[in-house]
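Residues per chain are reported as follows:
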Amino acid sequence: MTGRLAPAISPDTEFFWRGLREHKLLIQRCAGCGTLRHPPRPMCPCCRSLAWTATESSGRGTVYSYVMPHQPRFPFFEYPYIVVLVELAEGMRLVSNLCDVDPADVAVGMPVEVFYQSFDNDLVLHQFRPSPPCPEGRQ
């Protein structure tokens, strides 16, 4: 996998993509009520505030759900590949790819951690891989 399609970047999402280039997984936090939200958007769904800040995620989480697409085949993916919905330790969920694991070993609840992968077109994406369980009380 060397190339990927570039994402559409808007003023609401630019901080997220810039963070990935700096190897940081940034999440929006509402400045009004403190609610974390992903994907990035201009207004808080809880209090409707337009003010927000970015906070860095620990990058640790668990597999909430997953699929292994087979069709259509895209030239920029190695098959099989795993698309996961990761529930981050901070409580929100995001979609990514799960790497460095046999597809037969993937399970809901599997602990995962983020890593960053660079592509030819100056794109950096967050990816996840299995991680050892976090010791009690630590994120």
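Residues numbered from 1 in each chain as written. Predicted model: local features only at pLDDT ≥ 70, side-chain atom pairs only at ≥ 80, totals over all residues. Heavy atoms only, no water.

Caption draft 1: Helix α1 (residues 14–21), seen in detail. Within α1, the full set of buried residues consists of F15, F16, W17, G19 and L20. Next to the buried residues of α1 lie β1 (26–30), β3 (52–56), β7 (111–118) and β8 (124–130). Once α1 finishes, H23 follows within two positions and takes phi at roughly 60°, a positive value. (Buried < 20%, exposed > 50% of the residue type's maximum accessible area, 1.4 Å probe, protein only. Helix = DSSP H or I, 4+ residues; strand = E, 2+ residues; numbered from the N terminus. Contact = heavy atoms within 4.5 Å.)

Caption draft 2: Main features of the domain arrangement of the protein chain. What the domain assignment reports for the protein chain is domain 1 (9–56) and domain 2 (58–133). Computed from C-alpha atoms alone, the centre-to-centre distance between domain 1 and domain 2 is 21 Å. Contact residues are listed per partner, giving 11 residues for domain 1 and 14 residues for domain 2. Of the roughly 1,000 Å² buried at the junction of domain 1 and domain 2 (both faces included), carbon and sulfur atoms supply 75%. Summed over the three residues of domain 1 that lose the most area to domain 2, namely L20, H23 and L25, the buried surface amounts to 45% of that side. Across the domain 1-domain 2 interface, the total number found is 0 salt bridges. Where domain 1 touches domain 2, the interface holds 1 residue pair in polar contact (both at pLDDT 80 or more). With 4 residues, the top contributor of residues to the side of domain 1 that touches domain 2 is α1. Split by residue class, the side of domain 1 that touches domain 2 holds 6 nonpolar, 2 polar and 3 charged. (Domains from an automatic or database assignment. Buried area = accessible area lost by both parts, 1.4 Å probe. Salt bridge = Lys/Arg side-chain N within 4 Å of Asp/Glu carboxyl O. Polar contact = N/O pair within 3.5 Å; in protein donor to acceptor, adjacent residues only side chain to side chain. Nonpolar A, V, L, I, M, F, W, Y, C, P; charged D, E, K, R; others polar.)

Caption draft 3: Region of the structure containing the nonpolar core. Of all hydrophobic cores here, the largest spans 25 residues; its most connected members are L20, L25, L88, L98, V112 and F128. Put simply, the parts of the chain that give this core at least two residues each are α1, β1, β5 (82–88), β6 (93–98), β7 and β8. If you count residues domain by domain, this core takes at least three from each of domain 1 (9–56) and domain 2 (58–133). (Core = buried A, V, L, I, M, F, W, Y, C linked by side-chain atoms within 4.5 Å.)

Caption draft 4: Structural view of the packing of aromatic side chains. Counted according to the given criterion, the structure contains 2 aromatic pairs. With 4.7 Å between their ring centres and 50° between their planes, F15 and W52 make a pair best called tilted. In this pair, F15 sits in helix α1 while W52 sits in strand β3, placing the two residues 37 residues apart along the sequence. For W52, a relative accessible area of 28% gives the class partly exposed. Here F16 and W17 contribute two aromatic rings whose centre-to-centre distance is 5.1 Å and whose plane-to-plane angle is 85°, an arrangement assigned as edge-to-face. Considered together, F16 and W17 belong to a single accessibility category, that of buried residues. One residue, R93, lies across the ring of Y64, its end atom 3.5 Å from the ring centre. (Phe/Tyr/Trp six-rings, centres within 6.5 Å; stacked < 30°, edge-to-face > 60°. Lys NZ or Arg CZ within 6 Å of the ring centre and 35° of its normal.)

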